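Remarks on the overall topology
If you want the building blocks of each chain, they are given just below.
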Amino acid sequence: MPAVGGISTVGDKAYPGNLTPFVTVTCIVAAMGGLIFGYDIGISGGVTSMDPFLKKFFPAVFRKKNNDKTSNEYCQYDSETLTLFTSSLYLAALLSSLVASTITRKFGRKLSMLFGGVVFFIGALINGLATHVWMLIVGRILLGFGIGFANQSVPLYLSEMAPYKYRGALNIGFQLSITCGILVANVLNYFFAKIKGGWGWRLSLGGAMVPALIITIGSLVLPDTPNSMIERGEREQAKVQLLRIRGVDNVEEEFNDLVAASEASRQVENPWKNLLQRKYRPHLTMAILIPFFQQLTGINVIMFYAPVLFSSIGFKDDAALMSAVITGLVNVLATCVSIYGVDKWGRRALFLEGGVQMFICQGIVAAAIGAKFGIDGHPGDLPKWYAVTVVLFICIYVAGFAWSWGPLGWLVPSEIFPLEIRSAAQSVNVSVNMFFTFLIAQIFLVMLCHMKFGLFIFFAFFVVIMSIFIYIFLPETKGVPIEEMSMIWKNHPFWSKFVEHDDFPNGVQLSNGSKNV
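Residues numbered from 1 in each chain as written. Predicted model: local features only at pLDDT ≥ 70, side-chain atom pairs only at ≥ 80, totals over all residues. Heavy atoms only, no water.

In this section: helix α4 (residues 59–66). Considered for burial, the residues of α4 that qualify are Val-61, Phe-62 and Lys-65. Axial view of α4: buried residues confined to an arc of 100 degrees, hence all on one face. (Buried < 20%, exposed > 50% of the residue type's maximum accessible area, 1.4 Å probe, protein only. Helix = DSSP H or I, 4+ residues; strand = E, 2+ residues; numbered from the N terminus. Arc of directions from axis to C-beta.)

Quick look at the structure:
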């Protein structure tokens, strides 16, 4: 099983199993957990561009936007309180994901999803009824707690339920759900902004209760994963469940490997401390750097603040909201491309192609905005063809992200962790993601004000760095059973020095004679 150019192959393990209707429906329902994350990403930028919302909660920004014609266009939304409204959610999600690890490990993936849905519902209700800024912030914090639990448990659930041949496509259902949430939020913002009386923003914020109900009800009817049931000592029920979800009579080999992995997991007293062991160096590296780079693609500049961004570069309010709808639609369609190709073309190919595409588009957008606005940020009237060009290349950029770093940033970490560190490592993954999401959300408007069009060059630089990282350090995980991932590290030219052939927990053997990682 040679490794060439960072790509490892595993060819001696093939569990029998079909893509049953039961698994398909189950994974679709579970993936709906992404709706709450996507809806919130899409709704916040649109709401913060609505004049009635700004006038009520952020009057200084409202005056700068509408009355101060001499102000720099890049800086019209520069307000620490306004960015705190958006970013506080992600700091809360960071903290809750650490707690979610313990709950997910001890009580199962379903309970984490249920708790996330309930807390998110309460936060959406508070935001919809808000009369003061502090109510907005409290509501956003509760939304963040819900997202932390959902993002920790849903990708794990999908990776464990899916047959390994279809794991990529089914797991990306989570990202598709996120993109659908963004699109729905953008469409609702467009129409709610037109409601007379200026209270449409309440419907936008309160509308988050709908996806919260979906994941809450879904978590009550979903079956638990065999991995989680074995981890909690329910072996007989787990075997029955495995027979059901695989749709075949012979699951002995996979079941025995799951039990072996669980035995190794039980011998680990502290999974957080265990993460620091040398043999888990590649897993920890991916858990930290993949979400770090995912946020530094600059995608959240587009998704959080699409209407704000388009407004800042000369679009009228309606046009800004409609442009956000267009980018949201592109996001959904491009994610479908990833679902089709991830188990066909592989993870690395999509990562690298997406990186090249995003880099080119960011360079063009930076040049276009810089040429029109210059340094002083006074564009005058924006020609229609110019605006269309900017939106076009932003859409191509969004497409590149949506079939590469968007879904794969969640898929790859969720599938590479061995059971004994899986919940803890996923919490690290979510925490890093939420921390840098928080950071970007908090400082973006300040960066736009001071860096101007150079902001896009800043993110383009990191796209180059992360593409080089993927090319050198990430092995291919396509078609590798989740409990056989040890092989990709043992055969990787760099990571093999950390993961020795006999360096596995207590020498637990898998059913084919190889050792479990």
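Let us look at the packing of helix α1 (residues 21–31) against helix α7 (residues 133–161). Relative orientation of the contacting elements α1 and α7 amounts to 170 degrees, with a least axis distance of 10 Å. One element, α1, and the other, α7, form an angle in the roughly antiparallel class. Together, Val-23, Thr-26, Cys-27, Ala-30 and Ala-31 of α1 and Val-154, Tyr-157, Leu-158 and Met-161 of α7 make up the contact between the two elements. Residue classes in the contact of α1 with α7 are distributed as eight nonpolar, one polar and no charged. (Axes fitted to C-alpha atoms, helices over the stretch in contact; angles between N-to-C directions. Parallel < 35°, antiparallel > 145°, perpendicular 65-115°, else oblique. Contact = heavy atoms within 4.5 Å. Nonpolar A, V, L, I, M, F, W, Y, C, P; charged D, E, K, R; others polar.)

Our next topic: the confidence of the model for the protein. Averaged over all residues, the pLDDT of the protein equals 81, while 85% of them reach at least 70. Within the protein, the element-level pLDDT minimum falls on helix α16 (residues 299–312), averaging 65, and the maximum on helix α9 (residues 200–206), averaging 93. In this model, residues 1–12 is a region of pLDDT below 50 whose contacts with residues beyond four sequence positions or in other chains number 33 contacts. The model gives residues 502–517 a pLDDT under 50, and that stretch makes 52 contacts with residues more than four places away or in other chains. (pLDDT = per-residue confidence, 0-100.)

Turning our eyes to something else, we now look at the environment of Cys-336. Summarising the element assignment, Cys-336 is placed in helix α17 (residues 317–345). Note: C-alpha distance between Cys-336 and Ala-402 (66 residues apart in sequence) is 8.7 Å.

Next up on the list: the pattern of salt bridges. This structure, assessed with the given rule, holds ten salt bridges. We note a salt bridge from Arg-140 to Asp-40, for which the minimum N-O separation is 2.7 Å. Here Asp-40 lies in helix α2 (residues 34–47) and Arg-140 lies in helix α7, a separation of 100 residues in the sequence. Asp-40 matches Arg-140 in its accessibility class, with the two residues each being buried. A salt bridge links Arg-232 to Asp-224; its shortest N-O distance comes to 3.0 Å. Using a relative accessible area of 26% as the deciding quantity, one classes Arg-232 as partly exposed. Where salt bridges share partners, they join Arg-167, Asp-343, Arg-347 and Glu-415 into one cluster. (Salt bridge = Lys/Arg side-chain N within 4 Å of Asp/Glu carboxyl O.)

Another aspect to go through is the environment of Ala-264. Its place among the elements puts Ala-264 in helix α13 (residues 252–266). Taking the C-alpha atoms as reference points, Ala-264 and Leu-419, 155 residues apart in sequence, are found 8.2 Å from one another.

A cluster of nonpolar side chains, Val-356, Phe-359, Ile-360, Ile-364, Val-464, Ile-468, Tyr-471 and Ile-472, forms an exposed patch at the surface whose accessible area comes to about 700 Å². Where the nonpolar patch is concerned, the elements lending two or more residues are α18 (347–373) and α22 (454–473). Tracing the backbone through its elements, the reader meets Val-464 in helix α22. Classification of Val-464 by relative accessible area gives partly exposed; the value is 33%. (Patch = residues over 30% accessible without salt bridge, like charges linked within 9 Å, V, L, I, M, F, W, Y side chains within 5 Å. Areas by Shrake-Rupley, 256 points an atom, 1.4 Å probe, with all protein chains shown as cover.)

This next bit is on helix α10 (residues 209–221). Over its 13 residues, α10 runs 19 Å from end to end, which matches the ideal 18 Å to within 8%, given 1.5 Å per residue. In the core, the buried residues of α10 are packed alongside α1, α2, α6 (109–128) and α7. (Expected span 1.5 Å × (residues − 1).)

Right, let's get into the nonpolar core. Phe-53, Trp-405 and Met-434 are the most contacted members of the largest nonpolar core, which totals 128 residues. The element best represented in this core is helix α21 (residues 422–451), accounting for 13 residues. With sequence-adjacent residues up to four places away left out, Met-434 is seen in contact with Phe-37, Tyr-90, Ala-93, Leu-94, Ile-147, Asn-151 and Trp-410. The next biggest cluster of nonpolar side chains, apart from the first, holds five residues, and it includes Leu-183, Leu-321, Val-325 and Val-332. (Core = buried A, V, L, I, M, F, W, Y, C linked by side-chain atoms within 4.5 Å.)

Quick look at the packing of aromatic side chains now. The description of an aromatic ring pair rests on the distance of the ring centres and on the angle between the ring planes. Scanning the model with the defined rule gives 27 aromatic pairs in all. The interplanar angle of 70 degrees and the centroid separation of 5.3 Å between the aromatic rings of Phe-458 and Phe-459 together place this pair among those described as edge-to-face. A residue is classified by how much of its surface remains accessible, and Phe-459, at 2% relative accessible area, is buried. Here the guanidinium or amino end of Lys-56 rests over the ring plane of Phe-57, the centre of that ring lying 5.7 Å away. (Phe/Tyr/Trp six-rings, centres within 6.5 Å; stacked < 30°, edge-to-face > 60°. Lys NZ or Arg CZ within 6 Å of the ring centre and 35° of its normal.)

The axes of two packed helices give the description: the angle between them and the distance between them. Two numbers describe how helix α15 (residues 281–295) lies on helix α20 (residues 405–416): the axes approach to 10 Å, and their chain directions differ by 165 degrees. By the criterion of interaxial angle, the relationship of α15 to α20 is roughly antiparallel. In the crossing of α15 with α20, the sense of the turn from one axis to the other is left-handed. Facing His-283, Met-286, Ile-290, Phe-293 and Gln-294 of α15, the residues of α20 in contact are Trp-405, Gly-406, Gly-409, Trp-410, Val-412, Pro-413 and Ile-416. In terms of residue class, the contact of α15 with α20 is made up of eight nonpolar, four polar and no charged. (Left-handed = near helix turned anticlockwise from the far one by under 90°.)

On to the state of the cysteines. The tally for this structure, following the rule as stated, stands at zero disulfides. Cys-361 provides the cysteine sulfur closest to Cys-395, a residue in no disulfide bond, and the two sulfurs are 9.7 Å apart. (Disulfide = S-S within 2.5 Å.)

In this section: the environment of Arg-347. Relative to the elements of secondary structure, Arg-347 occurs in helix α18. On the basis of relative accessibility, which here comes to 0%, the residue Arg-347 falls in the buried class. Placed 127 residues apart in sequence, Arg-347 and Leu-474 show a C-alpha to C-alpha distance of 9.2 Å. Leave out the neighbours within four places in its chain, and Arg-347 touches Arg-167, Gly-168, Val-342, Leu-408, Leu-411, Val-412, Glu-415, Glu-476, Thr-477 and Lys-478.

Before going further, it helps to examine the side chain of Thr-225. Considering the arrangement of structural elements, one finds Thr-225 in the loop between α10 and α11 (226–231). In terms of polar contacts, Thr-225 uses its side chain to reach the backbone amide nitrogen of Ser-228, at 3.1 Å. With residues up to four places along the chain from it excluded, the contact list for Thr-225 reads Arg-109, Tyr-157, Glu-160 and Met-161. (Polar contact = N/O pair within 3.5 Å; in protein donor to acceptor, adjacent residues only side chain to side chain.)

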